[in-house]
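Below are the chains, spelled out letter by letter.
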Amino acid sequence: MDYSENRMVGDYRIIRSMYVGDKEIVFGEDMESPPGKRYSCSLCQQSGPFLVHQDLVASDDYLEIVKIFGERIVAQAEKTKEEVSVEPGAFNDLFTAADCTPISPMDDLVEKVIVIRADVLRREYQTATHQLKLCTGGFGAHPNNRGSAVFCKDLYSGKESRFERWDVLGIMPLEKLPDWAKEGLSNIQKETQKQKDRGAR
């Protein structure tokens, strides 16, 4: 991807970028850098509300950074392919509107298993395992609220994520959950209860 806006990593303006899996590989340029540091390549990952850049490599040699940029894309693609290939829903048909109950403005999504529309997921994550989430809160999770944020936990990995209310395809009836999703939901609920018990002491 080429950037026309001035998105920065420190003093580097990002001129190329590509998301693969859980990281973004970024290519930057600093026209006023000290010798040996005009171009850079780093890995960028979301950490809560912040973007964290790791493993920054800098050089005046444009082609050297191009090579590192390409190698990191390949390495991240191979890592993500291996991760996704072991997921039980990786090669299953995606969940559609026919599999779930549509939501209305009056529906409260908190503590419901929701289905995320596949087309809002990045291509490498357009699998059934990444569509099913337990909604944990957010202004968009409540009925007739001005906010749109919906916070949730992935039933397969347990990872936390944020979507918008309009990204939600519907609510998945518990009886229609596949076995891996039932297990994931149970694990999340047990961990939540443990946290409540610790907080009550």
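Everything that follows concerns the structure shown earlier in this document.
Residues numbered from 1 in each chain as written. Predicted model: local features only at pLDDT ≥ 70, side-chain atom pairs only at ≥ 80, totals over all residues. Heavy atoms only, no water.

S.K.: Mind showing me how you'd approach a nonpolar patch on the surface here?
M.R.: A cluster of nonpolar residues, Y62, L63 and V66, forms a patch on the protein surface that exposes about 280 Å² of accessible area. Looking at the element boundaries, V66 is found in helix α1 (residues 62-85). Looking at V66, the relative accessible area reads 33%, which means it is partly exposed. (Patch = residues over 30% accessible without salt bridge, like charges linked within 9 Å, V, L, I, M, F, W, Y side chains within 5 Å. Areas by Shrake-Rupley, 256 points an atom, 1.4 Å probe, with all protein chains shown as cover. Salt bridge = Lys/Arg side-chain N within 4 Å of Asp/Glu carboxyl O. Helix = DSSP H or I, 4+ residues; strand = E, 2+ residues; numbered from the N terminus. Buried < 20%, exposed > 50% of the residue type's maximum accessible area, 1.4 Å probe, protein only.)

S.K.: So what exactly am I meant to see when it comes to the pairing of strand β2 (residues 12-20) here?
M.R.: A regular strand carries its side chains on alternate faces of the sheet. Where strand β1 (residues 8-9) lies against β2, two bridges are found, and the strand directions are antiparallel. What sits directly across from V9, in β2, is Y12. Hairpin remark: β1 followed by β2, antiparallel, with two residues in the connecting loop; positive phi at G10, about 60 degrees. With seven bridges connecting them, β2 and strand β3 (residues 23-29) associate as antiparallel partners. Across the sheet, the residue bridging to S17 is V26, located in β3. (Pairing = 2+ DSSP bridges.)

S.K.: Hey, could you run me through the packing of aromatic side chains in this one?
M.R.: Working definition: an aromatic ring pair is given by the centre-to-centre distance plus the angle between the planes. Inspection of the entire model under this criterion finds five aromatic pairs. With a centroid separation of 5.6 Å and 55 degrees between ring planes, the pair formed by F27 and Y62 is classed as tilted. Within this pair, whereas F27 is found in strand β3, its partner Y62 is found in helix α1, the two being separated by 35 residues in sequence. A relative accessible area of 3% places F27 in the buried class. With centroids separated by 5.3 Å and ring planes inclined at 70 degrees, the aromatic side chains of Y39 and Y62 adopt a geometry described as edge-to-face. Residue Y39 is found in strand β4 (residues 39-47), and its partner Y62 is found in helix α1; the two are separated by 23 residues along the sequence. In textbook terms, an aromatic cluster arises when at least three aromatic residues are bridged by ring pairs, as seen for F27, Y39, Y62 and F69. (Phe/Tyr/Trp six-rings, centres within 6.5 Å; stacked < 30°, edge-to-face > 60°.)

S.K.: What should I look at first to understand the side chain of S42 in this one?
M.R.: Its location among the elements puts S42 in strand β4. Within the structure, S42 has its side chain in polar contact with the side chain of H53 (distance 3.3 Å). With sequence-adjacent residues up to four places away left out, S42 is seen in contact with V9, E24, I25, V26, H53, Q54, D55, L56 and R72. (Polar contact = N/O pair within 3.5 Å; in protein donor to acceptor, adjacent residues only side chain to side chain. Contact = heavy atoms within 4.5 Å.)

S.K.: Can you help me understand unusual backbone geometry in this one?
M.R.: Among all residues save glycine, negative phi is the norm, and among peptide bonds the norm is trans. Positive phi values are uncommon outside glycine, yet D55 reaches one of about 55 degrees. Here D55 is to be found in strand β5 (residues 50-59). The backbone of N144 shows a phi angle near 50 degrees, a positive value even though the residue is not glycine. Tracing the sequence through the fold places N144 in the loop between β7 (132-137) and β8 (149-154).

S.K.: Is there a simple way to think about α1 in this case?
M.R.: A turn of α-helix holds 3.6 residues, and therefore any two residues three or four places apart point the same way. Here α1 spans 35 Å end to end across 24 residues, near enough to the 34 Å set by a 1.5 Å rise per residue. Every buried residue of α1 is listed here: I65, I68, F69, R72, I73, Q76, T80 and V84. (Expected span 1.5 Å × (residues − 1).)

S.K.: What is the right way to look at the pattern of salt bridges in this model?
M.R.: Two side chains with opposite charge may pair up if their charged atoms get near one another. Inspection of every chain in the model, using the stated rule, returns nine salt bridges. Notably, a salt bridge pairs E124 with R122, separated by 3.3 Å at the nearest N-O pair. In this structure, the salt-bridge partner of K133 is D154, at a minimum N-O distance of 3.0 Å. Placement of the pair is K133 in strand β7 and D154 in strand β8, with a sequence separation of 21 residues. D154 matches K133 in its accessibility class, with the two residues each being buried.

S.K.: How do you make sense of the sheet that holds β8 when you look at a structure like this?
M.R.: In any sheet, the strands associate via hydrogen bonds between backbone groups, in a parallel or an antiparallel arrangement. With antiparallel pairing, the five strands of this open sheet are ordered in space as β9-β8-β7-β6-β10. One side of each edge strand has no neighbouring strand; the edge strands of this open sheet are β9 (160-164) and β10 (168-171). Pairs of neighbouring strands in the sheet enclose a mean axial angle of 45 degrees, with direction left out of account. One ladder, built from three bridges, connects strand β6 (residues 113-116) with β10; its direction is antiparallel. Bridging from a neighbouring strand, I116 pairs with V168 of β10. (Axes fitted to C-alpha atoms, helices over the stretch in contact; angles between N-to-C directions.)

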